[in-house]
Amino acid sequence: MQDFIQQLSGAIDQKYLLTQEEDKAPYLTDWRKRFTGKALAVVLPSTSAEVAGIIKLCAQHQVAVVPQGGHTGFCGGATPDNSGTQIILNLKRMNRIREVDVANQTITLEAGCILQAVQDKAVEHGFLFPLSLGAEGSCMIGGNLATNAGGTNVLRYGNTRDLCLGLEVITAKGEIWNGIKGLRKDNTGYDLRDLFIGSEGTLGIITAAVMKLYPLPISQWTTLVACENVASTITLLNLFQKRASALLTGFEMMTRESLDLNEKHFPQMANPLKGNPPYTVLIELSDHESEEHVRQLLEAILEEAFEAQLISDAVIASNLSQANGFWHMREHITLAQAQEGANLKHDITIPLSSLESFIQVTDALMRDRFPGVRIINFGHLGDGNLHYNIAPPLGIDPKTFNEFNEKQIHELVYDQVERCKGSISAEHGVGQLKLDGLRAHKGKVAHELMKTLKRALDPQNILNPHKVVSI
Ligand code: FAD
Ligand code: 2HG
Ligand code: ZN
């Protein structure tokens, strides 16, 4: 190992090779404080050539490398194991915007760009970069690509995969694959780009990307509405899809229990809807025509929804600050859960036609088998994506509760996901958290194919080993 470190110091400026415990510490624990590991070293390269040089050395010495962006992922993908033999390759210094191509409506950028900086750069040029999520102030585009992140605009613009046209990737041999092309059509054989997106650093290191930009909407209107049951929320979604079509850019659901918890920790974020109804839905419409056009459309749809008794109350944001307040309330549920203590996350997708059955059956089983647990259910309803999180009964230490019940609770939820033909990971990925879940629920043939790909692209198993699949 000393030999390896010695050679590494020839591949990168000494200042950016961290080997002292106090220097490595900030890179060892994830945002949730759910995973902590040890690392032989942390390296902070600033060019693709440097990353390639580091990976070549790792291949030569068979040293495992854990790629890392903002370390905001929920599945422990960017946290090393406890052996102290892996290195962390953090891409934060690779944060240059290489080009904004106005005619092609694309932005070419490096993996360490913070998501919010990319959104701001797009606005500077009169464009929208639609990827939007609660961690946007600290997550990085490389991490977004590696996890195929979703967020709140997927309904209209798709997930990170749908926003990406080209990639630059360092392979397990330390070669640079230059796939930096801004093409909307390219059928030259296997789609290598799509192989790396969502692979969570297990097949290659993403160093740069070409991403799509969209025209900025002229006007956005945001509303909160009250629904009595799941069935109404889905019929309401279908109504909005039919009447507003591509103007519908957000459709988020929050249960009463989620917003009660929010209010407990952030009293200023209480639900403005009277009595905090069983289901609160946040709806956003975005328009390229005029403010008047979208407002009238929103009011007309809400009227229809009232008449059909799909909703019992509605508040339309009267200005940008109130609209932002609605979104903050939605995004603070994760923070309220973090303040409350450890919880068990289930980031799942269910076909909308089975969502009601999923919630009814899973809620009943959960309350029956784990009396007193708090079901914090919210999410991107427009995508069929629930964050079906479980907090321990009040007064019970979360660590102790999770130690004894985690496995059974995950299994209960994942069995229902399978019954409903859903997925056990909608947008957060697999990492180390869902390694067993994936093995059990991906399907034997699919899981074997994934292992075959991993062996082919990383035969020495040095790229983020034991994340996503174990070979
Ligand atoms: P990291 O956590 O550093 O890494 C994630 C994975 O990608 C790891 O496996 C890592 O090894 C790999 N990786 C990182 N960079 C590279 C690279 N350059 N090349 C190859 N592999 C790499 N996620 C959503 O999808 N939707 C949400 O709405 C959402 N909301 C969130 C809200 C909060 C408050 C928080 C804390 C997180 C949220 N997340 C959400 C999860 C997280 O922000 C995303 O998964 C994000 O995409 C991770 O980016 P990151 O830069 O932090 O990646
Ligand atoms: C969100 O949609 C994030 O807010 C976080 O994906 C979900 O806290 C969670 O489980
Ligand atoms: Zn989410």
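Right above here is the structure, for reference.
Residues numbered from 1 in each chain as written. Chains lettered and ligands numbered in written order. Predicted model: local features only at pLDDT ≥ 70, side-chain atom pairs only at ≥ 80, totals over all residues. Heavy atoms only, no water.

Asks: Help me understand helix α16 (residues 444-457), please; the structure alone is not making it clear to me.
Replies: Each full turn of the α-helix corresponds to 3.6 residues, which orients residues three or four apart in the same direction. In a regular helix each residue adds 1.5 Å, so 14 residues correspond to 20 Å; α16 covers 20 Å between its end C-alpha atoms and thus fits that length. Buried within α16 we find His447, Lys451 and Lys454. An end-on view of α16 places all buried positions within 60° of arc, on one side of the element. Exposed side chains of α16 directed beyond 90 degrees from the buried face belong to Val445, Leu449 and Ala456. The secondary structure elements touched by the buried residues of α16 are α15 (435-441). (Helix = DSSP H or I, 4+ residues; strand = E, 2+ residues; numbered from the N terminus. Expected span 1.5 Å × (residues − 1). Buried < 20%, exposed > 50% of the residue type's maximum accessible area, 1.4 Å probe, protein only. Arc of directions from axis to C-beta. Contact = heavy atoms within 4.5 Å.)

Asks: Any chance you could explain the coordination of the zinc ion (ligand 3) here in plain terms?
Replies: Each angle at a metal carrying four tetrahedral donors should ideally be 109.5 degrees, and each at a metal carrying six octahedral donors should ideally be 90 or 180 degrees. Note on the zinc ion (ligand 3): its protein donors are His380 (NE2), His387 (NE2) and Glu427 (OE). The metal-donor distances range over 1.9 to 2.1 Å. Sequence positions of the donors to the zinc ion (ligand 3) reduce to the motif H-x6-H-x39-E. With a gap of 47 residues between them, His380 in strand β17 (residues 374-380) and Glu427 in the loop between α14 (398-419) and α15 connect regions that are remote in the sequence. Neither His380 nor Glu427 differs from the other in exposure class; each is buried. (Donors = N, O, S within 2.8 Å, 3.2 Å for Na, K, Ca; no water.)

Asks: Explain the site of ligand 1 here, please?
Replies: The environment of ligand 1 is made up of 35 residues, and the closest members are Pro67, Gly69, Gly70, Thr72 and Gly73. At 2.8 Å, a backbone N or O of Gly73 approaches an oxygen atom of ligand 1. Between ligand 1 and the protein, one listed contact pairs an oxygen atom with a backbone N or O atom of Met140 at 2.8 Å. For ligand 1, the protein covers 96% of the area, taking 980 Å² as the surface of the free molecule. Looking at the shell around ligand 1, the elements with two or more residues in it are β3 (65-68), α5 (141-147) and β10 (205-212). (Near = heavy atom within 4 Å. Polar contact = N/O pair within 3.5 Å; in protein donor to acceptor, adjacent residues only side chain to side chain. Areas by Shrake-Rupley, 256 points an atom, 1.4 Å probe, with all protein chains shown as cover.)

Asks: Looking at this structure, I do not really get the site of ligand 2. What am I missing?
Replies: Ligand 2 sits among Phe74, Arg330, Thr334, Lys345, Phe378, His380, His387, Asn389, Glu427 and His428. Between ligand 2 and His387 there is a distance of 3.0 Å, counted from an oxygen atom to a side-chain nitrogen or oxygen. In this structure, an oxygen atom belonging to ligand 2 sits 2.9 Å away from a side-chain N or O atom of Asn389. Among the residues making up the shell around ligand 2, the classes are represented as 2 nonpolar, 5 polar and 3 charged. (Nonpolar A, V, L, I, M, F, W, Y, C, P; charged D, E, K, R; others polar.)

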